[in-house]
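Residue-level structure breakdown
Each chain, letter by letter, is given below.
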Amino acid sequence: MPFPMLEINTHKIRENTKIMVNECHKRGIEVAGVSKVFSGNRKIIEALIDGGIDILADSRIENLIRYRNYNIPKMLLRIPMKSQAKMVVKYSDIALVSEIQTIKELDKYAMKENKIYKVILMIDLGDLREGIFFKNETEILDAVEEILELNWIEFYGIGTNLSCYGGVIPTNDNLSKLVEIKKKLEKTFNIDIKTISGGNSGTISLFKNNDIPKEINQLRLGASLALGIGLNDEPIEGLHNDTVKLIAEIVEVKKKPSVPVGEIGLDAFGRKPFFEDKGIRKRAICAIGKQDINPEHLSPYDNKITVLGASSDHLILDITESDENYKVGDKVEFKVTYGGLLSLMTSKYVYKKII
Ligand SMILES: *Cc1c(COP(=O)(O)O)cnc(C)c1O
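A brief structural summary. Predicted model only: the values in this text are computed from it and were never measured. (Residues numbered from 1 in each chain as written. Predicted model: local features only at pLDDT ≥ 70, side-chain atom pairs only at ≥ 80, totals over all residues. Heavy atoms only, no water.)

Some thoughts on the site of the ligand
So the rule is basically this: Distances are taken per atom, and a residue is near a molecule or strand as soon as one of its heavy atoms is within 4 Å of it. Two N or O atoms count as a polar contact when they lie within 3.5 Å, although within protein this holds only if one can serve as hydrogen donor and the other as acceptor, and sequence-adjacent residues are included solely when both atoms are side-chain atoms. To measure how exposed things are, a 1.4 Å probe is used in the Shrake-Rupley method; for residues, cover is taken only from the protein chains shown. Put simply, Ala, Val, Leu, Ile, Met, Phe, Trp, Tyr, Cys and Pro go in the nonpolar bin, Asp, Glu, Lys and Arg in the charged bin, and everything else, Gly too, in the polar bin.
Neighbouring the ligand are 14 residues, the closest being Lys36, Ser201, Gly222, Ala223 and Tyr338. Arginine 129 is positioned such that a nitrogen or oxygen atom in its side chain is 3.1 Å from an oxygen atom of the ligand. A distance of 2.8 Å separates an oxygen atom of the ligand from a polar atom in the backbone of alanine 223. With the chains in place, 93% of the 390 Å² that the ligand exposes on its own is no longer accessible. Considering only residue class, the shell around the ligand consists of six nonpolar, four polar and four charged.

Okay, here's the thing in structure tokens:
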């Protein structure tokens, strides 16, 4: 078997999906299942679809093109590039948007494709990633007015994204602002707004105390389905957290000092490293590196191993405290974060084993 290997358990991902879809549907919320960490891997995407998601959502149009034969509405998560408008209209049904010039470009190609294309206008509630800033009411009203004038664009709803760039926590308070905006728009333009897309897996944290405004009727879920985690990467009760496992092979085991010998300059990534003197330690090198994953994004299942660091192709572990007598050729297993999973899936040097 080839290593490093990423083992992905699609049964567990399907179960996570079923559970979350059920929890959301109970509350009148539709689920856009977010596939962006899976790098277009069809077997995993089929687990999301089997799990009952209502919409398949990805941030890259290239992935949605791969999914064109799945009979399910497709959503583009990242604000579309103007230069990709044609592909976006052809290979997806809904996009999250924030720029009127891009929406007009979508309208142009929707006419050529003879297809009504849906958009969700993003409102930035303070996280400072995409969307019109919530306090700029005139900008929001102007954008909606222009969208409503377009013949081939359906104004499908408004949405927001939190806990991504700024780390802003979703609350009843900030999501209520989105609801207020919806009501204002409905009144001003005498329309019904179908969808309020209330965020990502972080918003699930509001389910517990029934804190989610009842008007929120869509969530875009990635991390919760993939890894069973939500706000602050904390595990969500009842979901599997062990859906993926990274397995790397040891290529060297040696006793060495814990502080480098010689004058210290910059490391391979241009940083000045710092070392604590713990005397002579038993170390292992695994054949995986920063080209595949940032070492901060993995943690060994053997919790007596410490990750010391990595260069592009070498992962360095302190195995002194472990009860196992690791030898060259042995395998070490790791848990990975959402960010870690994203980069492992993207690395062509990591073999994927789909269970
Ligand atoms: C990635 C992404 C999501 C999914 O976020 P998770 O935290 O993985 O649930 C939702 N919406 C947008 C716009 C995204 O980019």
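Digging into the pattern of salt bridges
Basically, it comes down to this: The term salt bridge refers to a side-chain nitrogen of Lys or Arg lying within 4 Å of a carboxyl oxygen of Asp or Glu. Each residue's exposure class comes from its accessible area (1.4 Å probe, protein chains only) as a fraction of the maximum for that residue type: buried when under 20%, exposed when over 50%, partly exposed otherwise. Put simply, DSSP H or I for four residues or longer makes a helix, DSSP E for two residues or longer makes a strand, and each gets a number counted from the N terminus.
A full pass over the atoms with the stated rule returns 21 salt bridges. Measuring nitrogen to oxygen at the nearest pair gives 3.3 Å for the salt bridge that ties glutamate 215 to lysine 214. Note on lysine 214: relative accessible area 72%, which makes it exposed. Residue lysine 304 pairs with aspartate 323 through a salt bridge whose shortest N-O separation is 2.8 Å. Of this pair, lysine 304 sits in the loop between strand E13 (298-300) and strand E14 (306-310) while aspartate 323 sits in the loop between strand E15 (315-318) and strand E16 (331-336), placing them 19 residues apart in sequence. Assessed through its relative accessible area of 37%, lysine 304 is described here as partly exposed. Among the residues examined, aspartate 323 registers a relative accessible area of 63% and is labelled exposed. If you follow the salt bridges from partner to partner, you end up with Glu23, Lys26 and Arg27 in one network.

Some remarks on the pairing of strand E6 (residues 117-124)
Heads up, the rule is: We treat two strands as partners when DSSP finds at least two bridges between them.
Taken across its eight residues, E6 has seven buried, putting it largely inside the fold. Two elements, strand E5 (residues 94-97) and E6, share four bridges in a ladder whose sense is parallel. Across the sheet, residue leucine 96 finds its bridge partner in E6, namely isoleucine 120. Summarising the sheet, E6 and strand E8 (residues 153-159) pair through six bridges and their orientation is parallel. The residue bridging isoleucine 120 from the neighbouring strand is glycine 157, located in E8. Sheet analysis places E6 next to strand E7 (residues 132-133), joined by two bridges and oriented parallel. Paired with aspartate 124 across the two strands is phenylalanine 133, which belongs to E7.

Examining the side chain of arginine 220
The condition that has to hold: Within this scheme the basic residues Lys and Arg register as positive and the acidic residues Asp and Glu register as negative, but His and the chain ends are omitted. Note on contacts: a residue pair qualifies if any of its non-hydrogen atoms lie within 4.5 Å across the two residues.
Along the chain, the position of arginine 220 falls in strand E10 (residues 218-221). No salt bridge forms around the buried arginine 220; measuring N to O, its nearest opposite-charge neighbour glutamate 130 is 5.8 Å away. Within the local environment of arginine 220, its side chain forms a polar contact with the backbone oxygen of threonine 160, the two atoms lying 2.8 Å apart. There is a polar contact of 3.0 Å between the side chain of arginine 220 and the side chain of asparagine 161. In contact with arginine 220, not counting residues within four places along its chain, are Ala32, Val34, Met75, Leu77, Leu96, Met122, Thr160, Asn161, Ser197, Gly199, Asn200 and Ser201.

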